[in-house]
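Coordinate analysis (summary)
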Amino acid sequence: MRVRDIVNDELLRMSYSEPKNIKSLLRNWTGLENMSLKGDTVATCILTDLKTVTAIDLDKYHKSDRAEFNKAYRKGKLSHYQYMSIAYVLVLGYTQDELAFVMGVDQSVISKNINSGIKRIQRELRAIWRRIR
């Protein structure tokens, strides 16, 4: 298979300092994976950054057995509730109400965990980029 070397200028201009950008990237996880497979080097870098911090691995998600997927947070930088909230709502597309019901919490808890998780992702990404420089 021949992979093209593509630089996505639109993605390259996205800043990790904007919470809405992080949310957008997480919501478009599958799209990033598809662009990466087609040779988009920027999408590949963004996915690597997000996977390093969140430990989300869609290959481990199976509707009938989610135990391995749910435990993956241990490899990342998010708390268990932040991981579950971000992975299920932003990446997998469940509603906050659905996840709240399954986890036995109020929807506001899911919302708070998403927001605090996004802040932690931002902090961790800044730390990664400082080490690289």
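**Let's talk about the overall build of the chain**
When helices and strands are counted, the chain shows 8 helices and 0 strands. When the 133 residues of the chain are sorted by exposure, 38% land in the buried category. Here the analysis covers contacts within the chain between residues at least 6 apart in sequence; of these, 59% occur between residues at least 24 apart. Of the roughly 8,300 Å² that the chain leaves accessible, carbon and sulfur atoms contribute 49%.

**Focus on the environment of Glu124**
Mapped onto the secondary structure, Glu124 falls in helix α8 (residues 107-132). C-alpha separation for the pair Glu124 and Leu78, spaced 46 residues apart in sequence, amounts to 9.6 Å. If we ignore the near neighbours within four places in the chain, the residues touching Glu124 are Val53 and Lys77.

**Re the nonpolar core**
Leu26, Ile56, Ile86 and Ile121 are the most contacted members of the largest nonpolar core, which totals 35 residues. Of all the elements in the fold, those that place two or more residues in this core are α2 (19-27), α3 (29-37), α4 (41-54), α6 (80-91), α7 (96-103) and α8. Examining the composition of this core, we find that 8 residues originate from one element, α6, more than from any other. When sequence neighbours within four positions are dropped, the list of residues in contact with Ile121 reads Ile22, Leu26, Leu50, Val53, Thr54, Leu78 and Ile86.

**Points about the side chain of Asp40**
When you line up the elements, Asp40 lands in the loop between α3 and α4. A distance of 3.0 Å separates a polar atom in the side chain of Asp40 from the backbone nitrogen of Val42.

**Some details on the pattern of salt bridges**
Oppositely charged side chains may form a pair once their charged atoms are brought near each other. All told, the structure shown has 3 salt bridges when counted by the stated rule. Between Lys51 and Glu33 there is a salt bridge, and its shortest N-O distance comes to 3.9 Å. Here Lys51, found in helix α4, pairs with Glu33, found in helix α3; they are 18 residues apart in sequence, far enough to count as distant. For Lys51, a relative accessible area of 35% gives the class partly exposed. Its salt-bridge partner being Glu68, residue Lys60 comes within 3.7 Å of it at the nearest N-O pair. Look at the salt bridges and you will find they share partners, linking Asp57, Lys60 and Glu68 into a network.

What counts and what doesn't
Residues numbered from 1 in each chain as written. Predicted model: local features only at pLDDT ≥ 70, side-chain atom pairs only at ≥ 80, totals over all residues. Heavy atoms only, no water. Helix = DSSP H or I, 4+ residues; strand = E, 2+ residues; numbered from the N terminus. Buried < 20%, exposed > 50% of the residue type's maximum accessible area, 1.4 Å probe, protein only. Contact = heavy atoms within 4.5 Å. Areas by Shrake-Rupley, 256 points an atom, 1.4 Å probe, with all protein chains shown as cover. Core = buried A, V, L, I, M, F, W, Y, C linked by side-chain atoms within 4.5 Å. Polar contact = N/O pair within 3.5 Å; in protein donor to acceptor, adjacent residues only side chain to side chain. Salt bridge = Lys/Arg side-chain N within 4 Å of Asp/Glu carboxyl O.

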